[in-house]
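Given next are the chains, with one letter for each unit.
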Amino acid sequence: MMNSLATALSDFFFEYETPRQVLVRNKHIGVVCRLVQLAVLGYIVGWVFLYEKGYQSTGSAVSSVLTKMKGVGFTRVNGTERVWDVADYVFPEQGDSSFVIMTNYIMTEGQRQGTCPEVRPHFDWQMTGKCVNETGTCEVFAWCPIEHDREIPNPPLLMSSENYTLFIKNSITFPQFQVFRSNLVEGIDNKYLKSCIYNEEKDRYCPIFRLGDIVKLANFEFSAIAREGGTIGIIISWECNLDLPIKYCRPEYQFHGLYRSVEEEESAKASVGYNFRYAKYYMEGGVEKRTLIKVFGIRLDITVRGEARKFDIIPTLTAIGSGVGIFGVATVVCDLVLLHVLPKKNLYKNMKFKYTVSQEEVSCFPESVTILNLQPSLRGMSSG
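Only a predicted model underlies this, so the values are computations on that prediction, with no experimental measurement involved.

A.B. asks: Looking at this model, I keep getting lost on a nonpolar patch on the surface. Mind explaining?
C.D. replies: Residues Met-2, Leu-5, Leu-9, Phe-12, Phe-13 and Phe-14 make up a contiguous nonpolar surface patch of roughly 780 Å² in combined accessible area. Within the element layout of this structure, Phe-12 appears in helix 1 (residues 2–14). Look at Phe-12 and you get exposed, because its relative accessible area is 62%.

A.B. asks: Sorry if this is basic, but what is going on with helix 9 (residues 328–340) here?
C.D. replies: In an α-helix, one turn spans 3.6 residues, which is why side chains three or four residues apart end up on the same side. Here helix 9 contains 13 residues, and its C-alpha end-to-end distance of 18 Å stays within 8% of the 18 Å for a straight helix at 1.5 Å per residue. The inward-facing, buried residues of helix 9 abut helix 2 (27–51) and helix 10 (345–352).

A.B. asks: I tried to follow the packing of helix 2 against helix 8 (residues 313–326) on my own but got confused; where do I start?
C.D. replies: When two helices pack together, their arrangement is captured by the angle between the axes and the distance separating the axes. Running from amino to carboxyl end, helix 2 crosses helix 8 at an angle of 155 degrees, the nearest separation of the two axes being 10 Å. Considering the angle they form, helix 2 stands roughly antiparallel to helix 8. Once helix 2 is placed against helix 8, the crossing between them reads as right-handed. The segment helix 2 lies against helix 8, with Val-40, Tyr-43, Ile-44, Val-48 and Phe-49 engaging Thr-316, Ala-319, Ile-320, Gly-323 and Ile-326. Classifying every residue of the contact of helix 2 with helix 8 by side-chain character gives 8 nonpolar, 2 polar and no charged.

A.B. asks: Please explain the side chain of Gln-111 as it appears in this structure.
C.D. replies: By the secondary structure assignment, Gln-111 is in strand 6 (residues 98–117). There is a polar contact of 2.8 Å between the side chain of Gln-111 and the side chain of Arg-290. Not counting residues up to four positions away in its chain, the partners in contact with Gln-111 are Trp-143, Cys-144, Pro-145, Ile-146, Glu-147, Glu-288, Lys-289, Arg-290 and Leu-292.

A.B. asks: How should the state of the cysteines be read in this particular structure?
C.D. replies: Applying the stated rule across the entire model yields 3 disulfides. Linked covalently through their sulfurs, Cys-196 and Cys-206 form a disulfide whose S-S length is 2.1 Å. Judged by the torsion about the S-S bond (70 degrees), the Cys-196/Cys-206 disulfide is right-handed. Taken together, the residues span a long stretch of sequence, with Cys-196 in the loop between helix 4 (190–193) and strand 11 (208–210) and Cys-206 in the loop between helix 4 and strand 11 at a distance of 10 residues. Two residues, Cys-240 and Cys-249, share a disulfide whose sulfurs are 1.9 Å apart. Disulfide Cys-240 to Cys-249: torsion about the S-S bond roughly 60 degrees, handedness right-handed.

A.B. asks: Which parts of the structure should I look at to understand the side chain of Thr-103?
C.D. replies: Tracing the backbone shows Thr-103 in strand 6. A distance of 2.7 Å separates a polar side-chain atom of Thr-103 from the backbone oxygen of Ala-226. Setting aside residues up to four positions removed in sequence, Thr-103 forms contacts with Pro-156, Leu-157, Leu-158, Met-159, Ser-161, Ile-225, Ala-226, Phe-296, Gly-297 and Ile-298.

A.B. asks: Can you help me understand the pairing of strand 6 in this one?
C.D. replies: On a regular strand, each side chain points to the face opposite its neighbour's, so the side chains alternate between the two faces of the sheet. Judged from the 2 bridges that link them, strand 5 (residues 90–91) and strand 6 form a sheet pairing that is antiparallel. Bridge pairing links Phe-91 to Val-100 in strand 6. Taken together, strand 5 and the strand that follows it, strand 6, pair antiparallel across an intervening segment of 6 residues, in which Gly-95 is found at a positive phi of about 80 degrees. Pairing between strand 6 and strand 15 (residues 287–311): 11 bridges, direction antiparallel. The residue of strand 15 that forms the bridge with Thr-108 is Leu-292. Relative to strand 8 (residues 137–144), strand 6 runs antiparallel, the two being bridged by 6 bridges. In the strand pairing of strand 8, Gly-114 is matched with Ala-142.

About the thresholds
- Once a new chain begins, its residue numbering starts again from 1 and follows that chain's sequence as written.
- Where totals are concerned, whole chains, interfaces and linings use all residues; where local detail is concerned, this predicted model gives features only for residues with pLDDT of at least 70, and gives and counts side-chain atom pairs only at 80 or more.
- By convention in this description, side-chain values take in all heavy atoms of the structure and omit both hydrogens and water.
- Distance thresholds for patches are 9 Å for like charges and 5 Å for nonpolar side chains (Val, Leu, Ile, Met, Phe, Trp, Tyr), applied to residues having over 30% relative accessible area and no salt bridge.
- Per-residue accessibility takes into account occlusion by the displayed protein chains alone, with areas from the Shrake-Rupley method and a 1.4 Å probe.
- The term salt bridge refers to a pairing of a side-chain nitrogen on Lys or Arg with a carboxyl oxygen on Asp or Glu at a separation within 4 Å.
- The secondary structure listing takes helices from DSSP runs of H or I that are at least 4 residues long and strands from runs of E that are at least 2 residues long, numbered from the N terminus.
- Whether a residue is buried, partly exposed or exposed follows from its accessible area with a 1.4 Å probe, protein chains only, as a fraction of its type maximum: under 20%, in between, or over 50%, in that order.
- To estimate the expected span of a helix, count its residues, drop one, and scale the result by 1.5 Å.
- Whether two residues are in contact is decided by their heavy atoms, any of which lying within 4.5 Å being enough.
- Think of each axis as a best-fit line through the C-alpha atoms, taken over the contacting stretch in the case of a helix, with angles from 0 to 180 degrees between the N-to-C directions.
- Roughly parallel covers angles under 35 degrees, roughly antiparallel covers those over 145, roughly perpendicular covers 65 to 115, and oblique covers all other angles.
- The handedness criterion is simple: a crossing whose near helix is rotated anticlockwise from the far helix by less than a right angle is left-handed, and one whose near helix is rotated clockwise is right-handed.
- Here the nonpolar group is Ala, Val, Leu, Ile, Met, Phe, Trp, Tyr, Cys and Pro; Asp, Glu, Lys and Arg are the charged ones; every other residue, Gly included, is treated as polar.
- A 3.5 Å cut-off defines polar contacts: any pair of N or O atoms within that distance qualifies, except that in protein one atom must be a possible hydrogen donor and the other a possible acceptor, and neighbouring residues in sequence count only when both atoms are side-chain atoms.
- Sulfur atoms of two cysteines make up a disulfide when they are within 2.5 Å.
- A pair of strands is treated as paired once DSSP finds two or more bridges between them.

Rendered as structure tokens:
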């Protein structure tokens, strides 16, 4: 018993087993094998390493965005002239990454709480139960006079907003690699910022954008979107290869129209454009009054997407290991052709597989021993 155990342990530790290989000289199989191996090699080198960057680890970004608008608008409505600056046409005013720029409006001045005839049926108003013969409508308790918002000014009152400028300051970090960047990249200083305007070809890294250019890059017509409003998404994309010098880690700007244009939505007549209301309250003669403004504007939503890559030995070894395993596909394909397609498939089976008979079967069927002894050439061939 001890001798058997010792022998088993000795065989386990001091013997090495290797699979038997059969060399087949066949032009067709050789070509198939090399083509499959070449395809696998192309996949590993071209797709895994060059395209997918399988030799690098990835890290996501943490970012912040600050914005600042500049520009002054001028309107003349019913003989009243008005100047609009940033504090008047940007909502909210904190410089967030999502805000609205007013391009058109309907203003109702001198509203006070009281009773007046409704303009049209409106379920939000408090009905008094009286009818007004002059207007043929019901009397309501509301902020009077009632707002008339059916006729939207056309052309937009603030068409000058096309020339407003937007300054975007974006800071980003990749915590996994301890890398900090800003969209004020190398070459952008105070002197450059005073004269540059973003251009896809000439000034692609300038962080100052003309509102009209943003609308155009989002495939909108400014006069159409300015009349009833809309939404545009600005994406700041950081794709950084940290195996290269850090100066090549630069942002790319993309512009997308998030709401369809006014012309496209006219057929639906449902929630066209973008608008909201806000009011300015004041006291006059001891009575609270307000100026109600229905704002039509362009909403800008700024989103930052970032991913950094850097060489890492662990994903490199993983990619190589998986690639080596895929090389086994060539062997599987060639074996299928050898054993099931070629005319000499039985010969290849005898060469590849070694058939043996257990002692129990030999004692029960002694004639099998005679067969093996009578065909030494086959036995030698099968034992390979």
